[in-house]
Structure formats: structure tokens, C-alpha cells
Amino acid sequence: MKKRIGLITSGGDAPGMNACVRAVVRTAAQNDVEIIGFIRGYEGVLDKDFVVMKNENVAQIIQRGGTILKTARCKRFYEAEHRAKAAENLRELGVDSLIAIGGDGTFTGAVLLQKEHGFKVVGVPGTIDNDLFGTDFTIGYDTAINTVVEAVDKIRDTAFSHDRIFVVEVMGRDAGFIALRSGIAVGAEAILVPETKTDIDRVLKRLEGRRKSKQSAIIIVAEGDEFGGAEDVAKAVMKKYVDREVKVTKLGHIQRGGNPSAMDRVLAGFLGVGAVEAVLEEVSGVMIGMQHKKIVRIPLEKAIKHHQDVDDNLLRITEMLSV
Ligand code: F6P
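Attention in this report is confined to the structure presented alongside it. Because the structure is predicted, anything quoted here is derived from the model rather than measured.

## Points about the sheet that holds strand S6 (residues 165-170)
So, step 1. Reading across from one edge, S7-S8-S6-S9 is the order of the four strands in this open sheet, with parallel pairing throughout. Since the sheet does not close on itself, it has two edges, and those belong to strand S7 (190-192) and strand S9 (246-250), each with one partner. Ignoring strand direction, the axes of neighbouring strands in this sheet form an average angle of 20°.
So, step 2. Of the strand pairs in this sheet, S6 and S9 are connected by five bridges, and their pairing is parallel. Paired with Ile 165 across the two strands is Val 246, which belongs to S9.

Here you go:
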């Protein structure tokens, strides 16, 4: 029987996951290895719901958002007995290693599978949040930012025309990377992120300082900001500027969909090839990342425990430009 590698996409989907699935399947096929694609992440491993992936299964998917393997946040995988069942199912199918494309929840499950059952696991960072340590970018982040920029550019047109203040909420429960980078790209007047304490009075003062020259403003808020969501920020703004119209837009799940950007497709290709090569070299317990244009292998535990710090330069540039 051919060597078999299991493959899952798990957690929140991210544009570019399909491009990575394609890269994994094609690299494996060239090395005479079979890929068993489980449906809905760890759920598929537990239910033995899978497809033997051939080159034809991954034709015409490089440009598609979402994931053809589907995905889930698998609650059962939090329990040791289910992880034992997963290891048993994988071994019964002749699968001796698992490539998991996802974020920190996915990697936490993979680490436990390795620790508890000696199962070989390799992670690929796939999340729009870009919050994994050890890789410059995660698959899906670039596309999500471009989606935000396209949407906020449109909001900017109407904000300017009506002299309104818009508070736009973007994704990022624990991380402000989407807010920061897209905020810089749209020229936001303020960007609020979970990593730094939000001093709302200071934000309002800064708006006051520039009100005379510019009447409209865009405030970008990451959904996990500790001050609150877009509605809370809007309330604070309205209290201060009673004469102004303040509107709230939550971009929500449009940030997770759409065709992956060129950058995400290329990144997905590199990381997918890197993941299969790691498995073929019998390397386990690592995340395949990209640092300074080079493929790297980072211990999975490090990738999830050492939260990626928000880049000081991004914060500095934000402060400098949002006037
Ligand atoms: O982890 C990616 C992410 O999109 C976060 O930014 C967001 O907080 C979360 O997933 C939303 O998850 P769900 O789609 O399960 O509601």
C-alpha cells in the first residue's frame, strides 16, 4: 500500500486554503504518496468521512475561496477520548501523518494528537487573523485585508459626501492585525486593536484636533478591542459630537470569503509543498511558515504559545498617519 498522509482544513476558513490543498495533493502525487482528505476537519477524522484526493480533485480550485474539504470548529476534539478515537481511525486507514491547515485551535488539537498518541503532525498557518507566531503571514490574511480596503473605500465615498463619521468593525477576536494593516491602507483616522489599551478620550481628542479641516472620519475597530465593539465606540463618539452623524458598519464574514489574492495563492503553494516535504523527511510537530521569503519550520507549540506581537512599526505608522 502507498504511503498515506491525512489532510484537513480546520477552524475558520481562509481564502487560499484551496490553493494549499491543491499544492499538498500535487506534491504528494509527484512523490507517489496518497492524500486522504478528511471532510470538516477533525470532525471528518472522527466520523471517517474522507475522500482519496487525486490531482483531478484539485483542478480549478486555486482561485476559489473557502475550502473544498469544508471545515469546522470541532468541540469533540477537546476531549481525550475522541482524540484517541481519531488516532485509531487514522491508523486503521493506513494514515501515519496528518497535515492540518488552520489556526491556533487546529494546532492545539494537532499537538495533543502527537503528544498523546505519538502521531506525526505538520501544521500550515491558514487564518485571516495572522496571529500565529513564526510566520510573517498566514494564508488568507492578505485577501481579508484587501476585502476590508475595498469595502472601506466605498464607505469613505459616502462618509465624505455626508460629512459623517463611520465606525467600521473588522474581524479579530484576539488580534488587531487586520485592523492595523487595513486601517493604514484606507487612511483611517483611528484604529483600535485588542493588543493596546484603548484610550477613548485620546481618540476623541485626536478627532477634535482635525475636525475643522476634515468633516468625515473612518474609525476602524477590531471586534476584540477591550473598549468594546463598533457600537460602543460609536456611542462614545456620539456623546462627544452630538451635532454629528455617526454610522456603524460591521464587515463580518465577507472578510472570510472571496477569491484569494495572488499573494495568498503563492504563499499557499509554498507552504503546501513545504508541508509535504517535511512529512516525507519524517519531520513532525512543526508549523511550516514563511519568514523573509524563506520556508521555515517552527515547533507547533511555539507557534501557538508565543502570540505574535503586534509590530511596533505598524503602531507607530498608524499614529503618524491618522491625523
Ligand atoms: O479566526 C478567524 C475568525 O474569522 C476571527 O477573526 C473571528 O473572530 C472568528 O473567526 C469568527 O468565527 P466564526 O466564523 O466561527 O463565528
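## Quick notes on the pairing of strand S1 (residues 4-9)
So, step 1. In terms of residue burial, S1 counts as a mostly covered element, since six of its six residues are buried.
So, step 2. The alternating pattern of S1 places Arg 4, Gly 6 and Ile 8 on one face and Ile 5, Leu 7 and Thr 9 on the opposite face, and all of these are buried.
So, step 3. Direction of pairing for S1 relative to strand S2 (residues 34-38): parallel, over a ladder of four bridges. Pairing of Gly 6 across the sheet is with Ile 36, part of S2.
So, step 4. Regarding the hand of the β-α-β motif, the stretch spanning S1, helix H1 (residues 17-30) and S2 is right-handed.
So, step 5. Sheet analysis places S1 next to strand S4 (residues 95-102), joined by six bridges and oriented parallel. Bridge assignment links Ile 5 to a residue of S4, and that residue is Ser 97.

## Overview of the sheet that holds S1
So, step 1. On the basis of which strands lie adjacent, the open sheet formed by seven strands has the order S3-S2-S1-S4-S5-S10-S11 and mixed pairing. At either end of the open sheet lies a strand with only one pairing partner, and these are strand S3 (50-53) and strand S11 (294-299). Taken over all neighbouring pairs, the strand axes of this sheet differ in orientation by 30° on average, direction set aside.
So, step 2. On the sheet, helix H9 (residues 262-280) packs against S1, S4, strand S5 (120-125), strand S10 (286-291) and S11 and is oriented at approximately 140° with respect to S10.

## A few points about the environment of Ser 284
So, step 1. One can find Ser 284 in the loop between H9 and S10.
So, step 2. Distance in space between the C-alpha atoms of Ser 284 and Leu 98 is 9.3 Å, their sequence separation being 186 residues.
So, step 3. Aside from chain neighbours lying at most four places away, what touches Ser 284 is Gln 114, Phe 119, Lys 120 and Val 121.
So, step 4. Side chain to side chain, Ser 284 and Gln 114 meet in a polar contact 2.4 Å long.

What counts and what doesn't
- Residues numbered from 1 in each chain as written.
- Predicted model: local features only at pLDDT ≥ 70, side-chain atom pairs only at ≥ 80, totals over all residues.
- Heavy atoms only, no water.
- Pairing = 2+ DSSP bridges.
- Helix = DSSP H or I, 4+ residues; strand = E, 2+ residues; numbered from the N terminus.
- Axes fitted to C-alpha atoms, helices over the stretch in contact; angles between N-to-C directions.
- Buried < 20%, exposed > 50% of the residue type's maximum accessible area, 1.4 Å probe, protein only.
- Right-handed = clockwise from strand over helix to strand, strands pointing away.
- Contact = heavy atoms within 4.5 Å.
- Polar contact = N/O pair within 3.5 Å; in protein donor to acceptor, adjacent residues only side chain to side chain.

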